Amino acid sequence: MNLFMPRIEISLFQIQKNAQFLSELYMGKGVSIMGVTKAVLGEPSVAKAMIQGGVKFIADSRIENIVRMKKAGISIPFVLLRTPLSQTESIIKNVNISLNTEMETLRKLSYHAKEQNKIHQVIIMAELGDLREGVLLSDLSQFIRKTLSLPHLAIIGIGCNLACYGGVIPDDKNMQKLSELVDSLEKEFQMNLEIISGGNSANHEWFKSCQNVGRVNNIRLGESILLGCETVNRKAIPGLHTGAFQLVAEVIESKKKPSLPFGKIGQDAFGNIPSFQNRGIHQRVIVALGNQDAMPSGLNFNNKLKLLGSSSDHIILDSKCNSIKVGDEVRASLNYGGLLSTMTSPFVRKHFTDCNGYGAI
Ligand SMILES: *Cc1c(COP(=O)(O)O)cnc(C)c1O
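Here the structure is a predicted model, which is why all the values come from computation and not from measurement. (Residues numbered from 1 in each chain as written. Predicted model: local features only at pLDDT ≥ 70, side-chain atom pairs only at ≥ 80, totals over all residues. Heavy atoms only, no water.)

(A) Representation of the overall build of the protein in the model. Regarding its fold elements, the protein presents ten helices and 16 strands. Each of the three principal axes of the protein carries a C-alpha extent, and together these read 75 × 40 × 40 Å. Looking at the 361 residues of the protein, the share that counts as buried comes to 48%. Nonlocal contacts in the protein, meaning residues at least 24 apart in sequence, comprise 66% of its contacts between residues at least 6 apart. Carbon and sulfur atoms make up 50% of the accessible area of the protein, which totals about 17200 Å². The centroid of the 40 positive side-chain charges in the protein is displaced by 4 Å from the centroid of its 32 negative side-chain charges. (Helix = DSSP H or I, 4+ residues; strand = E, 2+ residues; numbered from the N terminus. Buried < 20%, exposed > 50% of the residue type's maximum accessible area, 1.4 Å probe, protein only. Contact = heavy atoms within 4.5 Å. Areas by Shrake-Rupley, 256 points an atom, 1.4 Å probe, with all protein chains shown as cover. Lys, Arg positive; Asp, Glu negative; His and termini not counted. Charge placed at Lys NZ, Arg CZ, Asp CG, Glu CD.)

(B) Fine view of the environment of R220. Position of R220 among the secondary structure elements: in strand β9 (residues 218-221). Since its relative accessible area comes to 4%, R220 is described here as buried. Spatially, the C-alpha atom of R220 lies 16 Å from that of V168, the residues being 52 residues apart in sequence. If we skip the residues at most four places from it in the chain, R220 touches M34, V36, L81, L99, M125, C160, N161, S197, G199, N200 and S201. Looking at R220, its side chain comes within polar contact range of the side chain of N161, at 2.9 Å. At a separation of 2.8 Å, a polar atom in the side chain of R220 contacts the side chain of S197. (Polar contact = N/O pair within 3.5 Å; in protein donor to acceptor, adjacent residues only side chain to side chain.)

(C) How the structure looks around the site of the ligand. What surrounds the ligand is the set V36, K38, L81, R132, E133, N161, N200, S201, R220, L221, G222 and E223. For the ligand, an oxygen atom lies 3.0 Å from a polar atom in the side chain of R132. At a separation of 3.4 Å, a nitrogen atom of the ligand approaches a polar side-chain atom of N161. In the complex, 94% of the free accessible area of the ligand, which totals 380 Å², lies under the protein chains. Residue composition of the shell around the ligand, by class: three nonpolar, four polar and five charged. (Near = heavy atom within 4 Å. Nonpolar A, V, L, I, M, F, W, Y, C, P; charged D, E, K, R; others polar.)

(D) Local environment of the packing of helix α1 (residues 12-27) against helix α2 (residues 44-52). Axis separation between α1 and α2 bottoms out at 7 Å; the angle between their running directions is 40 degrees. Relative to α2, α1 is oriented oblique. Once α1 is placed against α2, the crossing between them reads as right-handed. In this structure, α1 contributes L12, I15, Q16 and A19 to the contact, and α2 contributes S45, V46, A49, M50 and Q52. Split into classes, the residues belonging to the contact of α1 with α2 amount to six nonpolar, three polar and no charged. (Axes fitted to C-alpha atoms, helices over the stretch in contact; angles between N-to-C directions. Parallel < 35°, antiparallel > 145°, perpendicular 65-115°, else oblique. Left-handed = near helix turned anticlockwise from the far one by under 90°.)

(E) Representation of the pairing of strand β6 (residues 120-125) in the model. Counting buried residues along β6, five of its six residues qualify, which places the element largely inside the surrounding structure. One ladder, built from four bridges, connects strand β5 (residues 97-100) with β6; its direction is parallel. Within β6, the residue paired with I97 across the bridge is Q121. Remark: the β5/helix α5 (residues 103-115)/β6 crossover connection has right-handed handedness. Of the strand pairs in this sheet, β6 and strand β7 (residues 153-159) are connected by six bridges, and their pairing is parallel. Within the sheet, the bridge partner assigned to M125 lies in β7 and is G159. Handedness of the β6-helix α6 (residues 137-148)-β7 crossover: right-handed. (Pairing = 2+ DSSP bridges. Right-handed = clockwise from strand over helix to strand, strands pointing away.)

(F) Quick peek at the side chain of T147. Here T147 lies in helix α6. Owing to a relative accessible area of 0%, T147 belongs among the buried residues under this scheme. Reaching out from T147, the side chain makes a polar contact with the backbone oxygen of F143 at a distance of 2.7 Å.

(G) Representation of a positive patch on the surface. There is a patch of like positive charges on the surface, built from K70, K71, K93 and K118. Within the secondary structure, K71 sits in helix α3 (residues 63-71). Accessibility expressed as a relative area gives 72% for K71, which makes it exposed. (Patch = residues over 30% accessible without salt bridge, like charges linked within 9 Å, V, L, I, M, F, W, Y side chains within 5 Å. Salt bridge = Lys/Arg side-chain N within 4 Å of Asp/Glu carboxyl O.)

(H) α6, seen in detail. With twelve residues, α6 should reach 16 Å at 1.5 Å per residue; the first-to-last C-alpha distance of 17 Å fits that figure. Among the residues making up α6, those that are buried are L140, F143, I144 and T147. Projected down its long axis, α6 shows its buried positions confined to an angular sector of 100 degrees, all on one face. Exposed residues lying more than 90 degrees from the buried face of α6 are S138 and Q142. On its buried face, α6 is in contact with α5, β6, β7 and α7 (172-189). (Expected span 1.5 Å × (residues − 1). Arc of directions from axis to C-beta.)

This is the structure in structure tokens:
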């Protein structure tokens, strides 16, 4: 059978095993997992594999992805990681829990929850230094007070997110800060905070090395389930599969060519002025894959094929000593950017290599 190219080959078995391994590891210290599906656009069969692996929630940053998973029949608490004011009505309709940092948004969530006769659950995100989403600690107490006055919302937890923007590493210090915050808020407001969501795949090293997770009892994991690595140093986590996603693309030209372009050099396709090293005549291949399909720097080609450059629809590789002909397949493993871009491209076919029992569609 000739399979379509470019395609991304997805092993649901490996994703399930990763989710299971991490669920057992984290549950060992009383920490539940939200499986984060945004990098796969809420692909329902990936969510199902995560659920079979033991995640307790599915979290995504986009309501469209959550709606997609619900339509596919997935029923588990859904968590929205990013809460736009303009989507509050749909969020109440489709999502059980949302992460929040803005009073105006919370007011509107409460308004629509009343309209729809619901109580919406919220997790308030605290700013612990990474400077992406989060209520500043000096404002947190007042923020909680105001939120408690909104009748159709229930504050079920506190969370924080590190590493994604500022690169701030989760450590004992900031995690302990989170625990102290929780203790003091519970005391001040005589409340019980059920979910303390300490972070994402970047929390792995802290989690492994810490003596005590404190009040943290939840973690939101995307990349480590999908790609098997932690995200502070991008090291593989022993025991996890790192090849659940593989990109396969087709060679459309294979020729010996000089390594230096000839003629006067101006701008390339994206407005950059390229520069080249002279490495003599060498074997090059062009792959039918371009910036519209994948972020080239997110691809790691096997057989040591070296990325020379790319444009919208072509990737040029130094094929070294490999004998590669037109029509051959080349394979690449993916980092997070590679995964995100290929899953997002409408040109890359999603191909499940082991869909039995996962209800892949
Ligand atoms: C994307 C995201 C996550 C998951 O991050 P990974 O690095 O993929 O584990 C967790 N929390 C929030 C708020 C996110 O936006």
